[in-house]
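Summary of the model geometry
Here is how the chains run, residue by residue.
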Amino acid sequence: MLSTLTSYRMISSDMTRSLDRVAGEPVVKRETSYYLANITEVKSIDDFMKNDRIYNYAMKAFGLGDMAYAKGFIRKLLTDGVIDTKALANQLTDPRYKAFAKTFNFASLGSNTTLLPAAQKAVVDQYNQQQLESEAGSQNTGVQLALYFARKASGLSNGYQVLADKALVKVVQTVLGWPDTVLSGNIDKLASTIESKIDLKSLSDPKELDKFLTRFAAMYDVQNRTANSTVPNLLIGSPIQYGFSSDVMAALQSFKPGGI
């Protein structure tokens, strides 16, 4: 098995090519074609909810596929919209729901909602990204987490944003070497500690993000032993014994205790 860092870089080094590969997969291509051909016919929340292929595609695009069964909850989310501070979308800590409600904002935009680019190509792009990350995760969860974090990093400015997202928490927890018990502590103190140990705003810089994810990948492999296996060498046809790869060892040797 390749190290988490090697696998992540194989995908992220040319994201356009990686996403094009996913978009060209038969199942993805078929579902995307259906979505684009039919989304503009969806004029209301009722239309949206009763077309399972459209609905499921949209949910997956926002990383909410595991909540597709909760149609009553999603209907409430869309019915409330996003303007009222008491709307469901504004009460939830998970930002995916508000993003979903903003894109499918039937409450404010009515039948024009699905005519906007945000409900068409933007959703398709998100679907392909989610599919890419999901496929990577089927081989190595660490790679999926790294890809997800890279996608979200530029929008991070405080510890509360991290704590509101389970995937982001897992990445930060891994980098900081925190046991699960730490996460049961006071949320304000946790947020403050994250901000003191990681310069979140600096992660919008690709170089800083790469250093951060290099550390994450190395720590992930150490903690999960994903690099400790025998894999076939496809070039010479014989197995190679892997311990920690050279990129992991280099990353570990550059670490300094007490933060990034």
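Sequence order sets the numbering: in each chain, residues are counted from 1 along the sequence as written. Totals for whole chains, interfaces and linings use all residues, but because this is a predicted model, local features are given only for residues with pLDDT of at least 70 and pairs of side-chain atoms are given and counted only at 80 or more. Side-chain metrics in this entry use all non-hydrogen atoms of the structure; hydrogen atoms and water are not considered.

What about helix H15 (residues 206-224)?
Test applied: Helical segments are the DSSP runs of H or I of at least four residues, strand segments are the runs of E of at least two, and each set is numbered from the N terminus. Multiplying 1.5 Å by the helix residue count minus one yields the expected span of that helix. Whether a residue is buried, partly exposed or exposed follows from its accessible area with a 1.4 Å probe, protein chains only, as a fraction of its type maximum: under 20%, in between, or over 50%, in that order. Between N or O atoms, a polar contact is any pair within 3.5 Å; within protein, one atom must be a potential hydrogen donor and the other a potential acceptor, and residues adjacent in sequence are included only when both atoms are from side chains.
With 19 residues, H15 ought to run about 27 Å at 1.5 Å a step, and its terminal C-alpha atoms sit 26 Å apart, in line with that. Buried residues of H15: Leu 209, Phe 212, Leu 213, Thr 214, Arg 215, Phe 216, Ala 217, Ala 218, Met 219, Tyr 220 and Asp 221, and no others. The opening residue of H15, the one whose side-chain oxygen lies 2.9 Å from the backbone nitrogen of Lys 207, is Asp 205. Just beyond H15, the residue with positive phi is Arg 225, at close to 55°.

Here we look at the environment of Leu 176
The condition that has to hold: The criterion used for residue contact is that any of the two residues' heavy atoms lie within 4.5 Å.
Tracing the backbone through its elements, the reader meets Leu 176 in helix H13 (residues 166-176). For the pair Leu 176 and Phe 216, spaced 40 residues apart in sequence, the C-alpha to C-alpha distance is 8.8 Å. The contact partners of Leu 176, leaving out residues within four places of it in the chain, are Lys 197 and Ile 198.

Thoughts on the packing of helix H1 (residues 4-12) against H15
Put simply, the rule reads: To get an axis, a line is fitted to the C-alpha atoms, and for a helix only the part in contact is used. The angle between two axes follows their N-to-C directions and goes from 0 to 180 degrees. Should an angle fall under 35 degrees it is called roughly parallel, over 145 degrees roughly antiparallel, and 65 to 115 degrees roughly perpendicular, with every other angle called oblique.
H15 packs onto H1 with a crossing angle of 140° between their chain directions and a minimal axis gap of 8 Å. Regarding the angle of H1 to H15, the classification is oblique. Residue-level contacts link Thr 4, Leu 5, Tyr 8 and Arg 9 of H1 to Asp 210, Leu 213, Thr 214, Ala 217, Tyr 220 and Asp 221 of H15.

Some points on the layout of surface pockets
Applied cut-off: Throughout, the protein atoms alone are placed on a 1 Å grid, and a set of points is a cavity if a 1.4 Å probe fits but cannot get out or a pocket if it is open with protein on both sides within 12 Å along at least five of seven lines; lining residues have an atom within 4 Å of a point. Grid points are joined across faces, edges and corners, and a volume is the space filled by probe spheres set on the points. When residues are grouped by polarity, Ala, Val, Leu, Ile, Met, Phe, Trp, Tyr, Cys and Pro land in nonpolar, Asp, Glu, Lys and Arg in charged, and all others, Gly among them, in polar.
Approximately 610 Å³ is the volume found for the largest pocket. Taken together, 23 residues line the largest pocket, and the ones lying closest to its centre are Gly 63, Leu 64, Arg 96, Gln 130 and Gln 144. Elements with a minimum of two residues in the lining of the largest pocket: helix H5 (52-61), helix H8 (95-103), helix H10 (121-139), helix H11 (141-152) and H13. Sort the elements by how many residues they give to the lining of the largest pocket and H10 lands first, with five residues. Its residues assigned to classes, the lining of the largest pocket shows nine nonpolar, seven polar and seven charged.

Some remarks on the packing of aromatic side chains
Let me state the cut-off plainly: Stacked, edge-to-face and tilted are the three classes for Phe, Tyr and Trp ring pairs, Trp counted by its six-membered ring, which pair at centre distances within 6.5 Å; planes under 30 degrees apart are stacked, over 60 edge-to-face, the rest tilted. Lysine and arginine charges are scored as sitting over a ring when NZ or CZ, respectively, is within 6 Å of the ring centre and within 35 degrees of the ring normal.
Taken as a whole and assessed by the stated rule, the structure comprises twelve aromatic pairs. Their ring planes at 75° and their centres at 5.9 Å tell us that Phe 48 and Tyr 55 sit as a pair that is edge-to-face. For Phe 48, a relative accessible area of 0% translates into the label buried. Tyr 55 gets classed as buried once you look at its relative accessible area, which sits at 0%. Consider the rings of Phe 216 and Tyr 220, whose centres lie 5.7 Å apart with planes at 45°: the pair is tilted. Pair noted here: Phe 216 and Tyr 220 are both in helix H15, with a separation of four residues, about one helical turn. Grouping residues by exposure puts Phe 216 and Tyr 220 together as buried. Following the ring pairs from residue to residue traces out a cluster consisting of Phe 48, Tyr 55, Phe 62, Phe 100, Phe 104 and Phe 106. A cation sits over an aromatic face here: Lys 71 above Tyr 55, 4.9 Å from the ring centre.

With respect to the confidence of the model for the chain
Let me state the cut-off plainly: On a range of 0 to 100, pLDDT expresses the predictor's confidence in each residue.
Of the residues in the chain, 86% reach a pLDDT of 70 or more, and the chain-wide mean stands at 87. Every residue in residues 226-260 is under pLDDT 50, and counting partners more than four places away or in other chains gives 57 contacts.

Notes on the environment of Asp 180
Locating Asp 180 in the fold gives a position in the loop between H13 and helix H14 (187-197). Between the C-alpha atoms of Asp 180 and Lys 170, which are ten residues apart in sequence, the distance is 9.5 Å. There is a polar contact of 2.6 Å between the side chain of Asp 180 and the side chain of Gln 173.

Quick notes on the nonpolar core
Note the cut-off: Among buried residues, the Ala, Val, Leu, Ile, Met, Phe, Trp, Tyr and Cys ones that are joined through side-chain atoms within 4.5 Å form a nonpolar core.
In terms of nonpolar packing, the biggest core is built from 65 residues, with Phe 48, Ile 74, Phe 100, Phe 104, Phe 149 and Phe 212 touching the most fellow members. With seven residues, H13 is the single largest residue contributor to this core. When residues no more than four places from it in sequence are discounted, the contact partners of Phe 104 are Tyr 35, Ile 39, Phe 48, Ala 58, Phe 62, Leu 78, Thr 113, Ala 119 and Val 123.

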